[in-house]
Structure formats: C-alpha cells, structure tokens
Amino acid sequence: MNEEKLEQQNTVTEEEEFELIYERPVHLTETRLHYCPGCGHSTAHKLIAEVVHELGIVTKTIGVAPVGCAVFAYDYLNIDMQEAAHGRACAVATGIKRVMPDKYVFTYQGDGDLAAIGIAETIHAVNRGENILIIFINNAVYGMTSGQMAPTTLPGMKTTTSPYGRDTSSMGMPLKMCELIAPLKGTFYVTRQAVHTATNVRKARKAILNGFKYQTLGKGTCFIEIISNCPSNWKMTPVQTIDFIEKDMIPYYPLGDVKVPKPEDLKQ
Ligand SMILES: Cc1ncc(C[n+]2csc(CCOP(=O)(O)OP(=O)(O)O)c2C)c(N)n1
Ligand code: SF4
Ligand SMILES: [Mg+2]
C-alpha cells in the first residue's frame, strides 16, 4: 500500500469518531507494574482503583500494603497507602481505622502474609469486628520468595518446600480462610472471588464495591478472598494457570459468597 493510501486509512473522520470504552483507571499511577505476565495481582489492583474512583472516595481511602509480591502496591495505586511489616496489615489497619473512623480502610495481603505469619492478626482483627475491608490474594504459594508452600497450597501441589507435593498427613490440609472466619460474629461480609476470566473479574469488582460500601455501616469486617494466578511459581504459562484454577483451585476453594448481610443489616 502506498503512503497516501495508508494515511487515508489511518485518518479518523468526524463521522467515524470512536467511542472510548476502556482506559487506564484514574487511580492507577503511570508506574510500570513489576508483576509477571498473567499474574492476578495486577487485575486486583485495577479493580480497587476502579471501585475507589466509582465511589468517589479516593481522598477518604487508606490502604495497607503487604510484604509479598504486592509490596509495591503503594507505587501502583494512587491512593494513600501505609506499608506494614509482613503479616501485620490487619493490626496496622485497625490502628488507622480507630484513629480515623471516617476513612475507608483496606488491607491488601497475600496468603503467606495473611494466613501464615499474620494469621493471629487476621483472626483477632476479624473477631473484634474491626470495621475494615480485607482483600486477600490467594495464589496458593509464597510468590515473592520463589514459591514456598503456603497455608493455602493444595493437597499434592508441588512447591519449592513440598517438592513431592503437599502431603496432608504431615503438612495438614489447606486453610479455607473464608470458611474459617465466616462463623465469627465480627465478620459482616465474606466472599471468595477470582480474576482468571472476564466474568469472574466483573464479579470480583462487584464484591470489592460492596466491601467498600458496607464500611460506612460500621457493622464489622468485610473479607474478600481472590483466587489469583501465579504462573511463575506454578511453572505454567498464563493460559495453563486458567485451567489450573478451574480444575484444581476452584473445586477446593468454591467461589461465591460465604456470608452476606441480611437486608435489615444494610440499614444504618
Ligand atoms: C517478618 C518477615 N518474615 C518473612 C519475610 C520473607 N517474605 C517476604 S514475602 C514472603 C511471602 C509472600 O507470600 P504471600 O504473602 O503469599 O504473597 P505473594 O508474594 O504470593 O503475593 C515472605 C515469607 C519477610 N519479608 N518478613
Ligand atoms: S511470582 Fe507469582 S505472584 Fe509474584 S508477580 Fe510473579 S506471578 Fe505474580
Ligand atoms: Mg501468595
């Protein structure tokens, strides 16, 4: 094709103006994400940024970043963030929320962070009914430190510290955090979502939206688990991880709401 024709083809006339249907969320910074291709963390970040924008609460929101692959969450989210030591995000969020009860406070934590080293902080914050939103990224391994076994590693799953597969007779069964905390009176909303397909991304977005909205009611902890891909440590291509989530993760970690508020609980 000659240059003149090419230019004609690439020129948008007034009649042909495009409708903008997707753009970078306003509250994601321009910083290049360091996540591996196919990692679920980036999708989860995007959803938080979108929801905070939709609710118009960016100046009232404070997030607590974990130690783990998402340690730089404060660089990616254009939201006030506080870094916490590994596992301590729920305790830090408790302090922030108690001092500034009008803020929307959330934690963002991996499974090593929340369900291993930080399990005491998690259980006690939830049991106290701290009025915070906990976003829990379950990728079944310690991603950042090269894929050691986490409390959520599936039975038989190979990791760097369970090279023959998780043997549940000596290593115990994986912890189902949603089911563990839902019976506690302090929890208000508990749900498990995923980000490996477009439909699930939409459902996860709705859950995050609810989690932030419910915080204004002051009736307890909202807990959103997100099943997330870790292609690098699962030693899979991003496409293979989608299959793994469908066939192996979801049967053990069923998606959906585990505890939802009753209609009367939604009144101020
Ligand atoms: C007090 C403390 N103990 C251990 C570590 C080492 N460490 C860093 S990240 C990590 C695990 C992260 O796994 P996870 O929370 O599941 O996050 P992911 O990287 O999978 O998103 C560990 C054990 C640390 N930084 N600080
Ligand atoms: S190691 Fe896993 S969790 Fe960490 S950035 Fe890579 S894919 Fe994501
Ligand atoms: Mg993890």
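Shown above is the structure to which this text applies.
A quick note: this is a predicted structure, and the numbers were derived from the prediction, not measured.

1. A few points about the nonpolar core
So, point 1. Of all hydrophobic cores here, the largest spans 66 residues; its most connected members are Ile135, Phe136, Phe223 and Ile226.
So, point 2. With sequence-adjacent residues up to four places away left out, Ile226 is seen in contact with Gly40, Ala44, Ile135, Phe136, Ile137, Asn138, Gln193, Ala194, Val195 and Ala204.

2. Let's talk about the site of ligand 1
So, point 1. Around ligand 1, 20 residues are found, and the nearest of them are Gly68, Gly110, Gly112, Asp113 and Gly143.
So, point 2. Per-element accounting of the shell around ligand 1 gives the leading share, four residues, to helix 5 (residues 111–117).

3. Some thoughts on the sheet that holds strand 1 (residues 61–65)
So, point 1. Ordered in space as 2-1-3-4-8-7-9, the seven strands form an open sheet in which the pairing is mixed. Of all the strands in the sheet, just strand 2 (80–83) and strand 9 (256–259) have a single pairing partner and so form its edges. Shown here is a sheet whose adjacent strand axes are inclined to one another by a mean of 20°, direction ignored.
So, point 2. As paired elements, strand 1 and strand 2 share four bridges and run parallel to each other. Of the residues in strand 2, the one forming a bridge with Ala65 is Glu83.
So, point 3. Against the sheet, helix 2 (residues 40–55) engages strand 1, strand 4 (133–138) and strand 8 (221–227), with an angle of about 160° to strand 4.
So, point 4. The strands touched by helix 4 (residues 89–99) are strand 1, strand 2, strand 3 (104–110) and strand 4; relative to strand 3, the strand with the most contacts, the crossing angle is about 175°.

4. Structural notes on the packing of helix 4 against helix 6 (residues 119–127)
So, point 1. Viewed as axis vectors pointing N to C, helix 4 and helix 6 meet at an angle of 40°, and their least axial separation amounts to 7 Å. Taken together, helix 4 and helix 6 sit at an angle that is classed as oblique. Counted together, Cys90, Ala91 and Thr94 of helix 4 and Glu121, Thr122 and Ala125 of helix 6 form the full contact between these two elements.
So, point 2. Here the residues of the contact of helix 4 with helix 6 sort into three nonpolar, two polar and one charged.

Conventions adopted
Residues numbered from 1 in each chain as written. Chains lettered and ligands numbered in written order. Predicted model: local features only at pLDDT ≥ 70, side-chain atom pairs only at ≥ 80, totals over all residues. Core = buried A, V, L, I, M, F, W, Y, C linked by C-beta atoms within 7 Å. Buried ≥ 20, exposed ≤ 12 C-beta atoms within 10 Å, placed from the backbone. Contact = placed C-beta atoms within 7 Å. Near = placed C-beta within 6 Å. Helix = DSSP H or I, 4+ residues; strand = E, 2+ residues; numbered from the N terminus. Pairing = 2+ DSSP bridges. Axes fitted to C-alpha atoms, helices over the stretch in contact; angles between N-to-C directions. Parallel < 35°, antiparallel > 145°, perpendicular 65-115°, else oblique. Nonpolar A, V, L, I, M, F, W, Y, C, P; charged D, E, K, R; others polar.

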